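Summary of structural features
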Amino acid sequence: MEYEQESLVVKVSEIYEKISKLESLNPSNQVNFLFTQLVLSCIPTCPIDVTKFSNRVKEMRSKLITLCGKAEGLLESHYSSLIGSYENPLKHISLFPYYSNYLKLSQLEFTMLSQNCSQLPNKVAFVGSGPLPLTSIVLASYHMKTTTFHNYDIDSMANSQACDLVSSDSDLSKRMFFHTSDIMNVSDVLKEYQVVFLAALVGMNKEEKTRVIDHLAKNMAPGAILLLRSAHGARVFLYPVIDPCDLQEFEVLSVFHPTDDVINSIIVARKKSMPLISLNQGLCSSKCYEIHGLNTLNHGNLIEELTIDEK
Ligand SMILES: C[S@@+](CC[C@H](N)C(=O)[O-])C[C@H]1O[C@@H](n2cnc3c(N)ncnc32)[C@H](O)[C@@H]1O
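Residues numbered from 1 in each chain as written. Predicted model: local features only at pLDDT ≥ 70, side-chain atom pairs only at ≥ 80, totals over all residues. Heavy atoms only, no water.

Let us look at the site of the ligand. The local shell around the ligand holds 17 residues, among which Y102, D153, A200, L201 and R229 are the closest. When the ligand sits alone it has 590 Å² of accessible area, and the protein chains cover 87% of it. The element that contributes the greatest number of residues to the shell around the ligand is helix α3 (residues 55–84), accounting for three residues. Here the shell around the ligand is built from residues that sort into seven nonpolar, four polar and six charged. (Near = heavy atom within 4 Å. Areas by Shrake-Rupley, 256 points an atom, 1.4 Å probe, with all protein chains shown as cover. Helix = DSSP H or I, 4+ residues; strand = E, 2+ residues; numbered from the N terminus. Nonpolar A, V, L, I, M, F, W, Y, C, P; charged D, E, K, R; others polar.)

Here is the structure:
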């Protein structure tokens, strides 16, 4: 393991040790300080191959992702309650400390979607919308003003909080729907959505996430778009990673790895209409492949059309 990766692992491990000893993951100065330190440590986008980690580091990473997921859920629930206490909650949505990150992430996801869809979708699903469904709210408010959003969450409390945020808004209350279910139990209706968004925290490891992806592949309509969140570089310590080869039933259209404070990578893929020999097929044989980026976004970041040289 090169020096840069080694020192990163040491830093992340030290922060993990402190986080794992916290009494509670509810928002507090101490929790916020540690997770801010963790995120800042994981900003570098130096390529990291998680398959090369030792078992000890793999185990630490898996536990850390779970702790991050719990803390993110508690943070979103905390702010959803606070924002929901106002008469017009959506007018106070920017109280969420990472609202500007969601504005950027949603802008990027919309840009990538627009580059791969000939027209705006009428009906989309967001899987893992949570108590503070910011992506759906931002997309519906600023980018997709005629689209209906069907938000799925396994947690009825999360949906109840989310519903409270939009119920007083004359527009979004008619375009945002919330369904309480494990997405693994949702099948036929999935073929009605032209686009399915998959949240980063649905499936807390590659096995769980690929099970969800395979379920979506089985039930989405041919030609429908799957937009999912992954992680790249040091951010692999915060979220599970999905590689193009994990999307065998899809044609991977573009991959985006942010280099700024937007943490998630974005993958846009289209459900294959028929068994095609696709660009991302066969990548499972060798993990060491390069995705060459074309700097086509004026964000100074990389959006990577899939030109993959298999090594
Ligand atoms: C806390 S939100 C965070 C959303 C975050 N912004 C992201 O991109 O992941 C993640 C939500 O996914 C939900 N979730 C996890 N697994 C799920 C599943 N199998 N089906 C439906 N919802 C699920 C959780 O209940 C949680 O509310």
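Following the structure, the description resumes.
Okay, the nonpolar core next. Judged by nonpolar contacts, the single largest core of 64 residues is most densely connected at F96, L198, L216, L226 and L247. Of all the elements, helix α4 (residues 99–114) adds the most residues to this core, at seven residues. Beyond its immediate chain neighbours, meaning those up to four positions away, L198 contacts V127, K209, V212, I213, L216, L226, L227, L228 and R229. I19, I48, C68 and A200 belong to the second-largest nonpolar core, a separate cluster that totals 31 residues. (Core = buried A, V, L, I, M, F, W, Y, C linked by side-chain atoms within 4.5 Å. Buried < 20%, exposed > 50% of the residue type's maximum accessible area, 1.4 Å probe, protein only. Contact = heavy atoms within 4.5 Å.)

Between two packed helices, the angle of one axis relative to the other and the distance separating the axes together describe the packing. In contact at an axis separation of 9 Å, α4 and helix α5 (residues 134–143) are set at 65 degrees when each is read in the N-to-C sense. Both α4 and α5 take part in a crossing whose hand is right-handed. On the side of α4, the interface is formed by Y99, Y102, L103, S106, Q107, E109 and F110, while α5 contributes L134, T135, V138, L139, Y142 and H143. Residue composition of the contact of α4 with α5, by class: eight nonpolar, four polar and one charged. (Axes fitted to C-alpha atoms, helices over the stretch in contact; angles between N-to-C directions. Left-handed = near helix turned anticlockwise from the far one by under 90°.)

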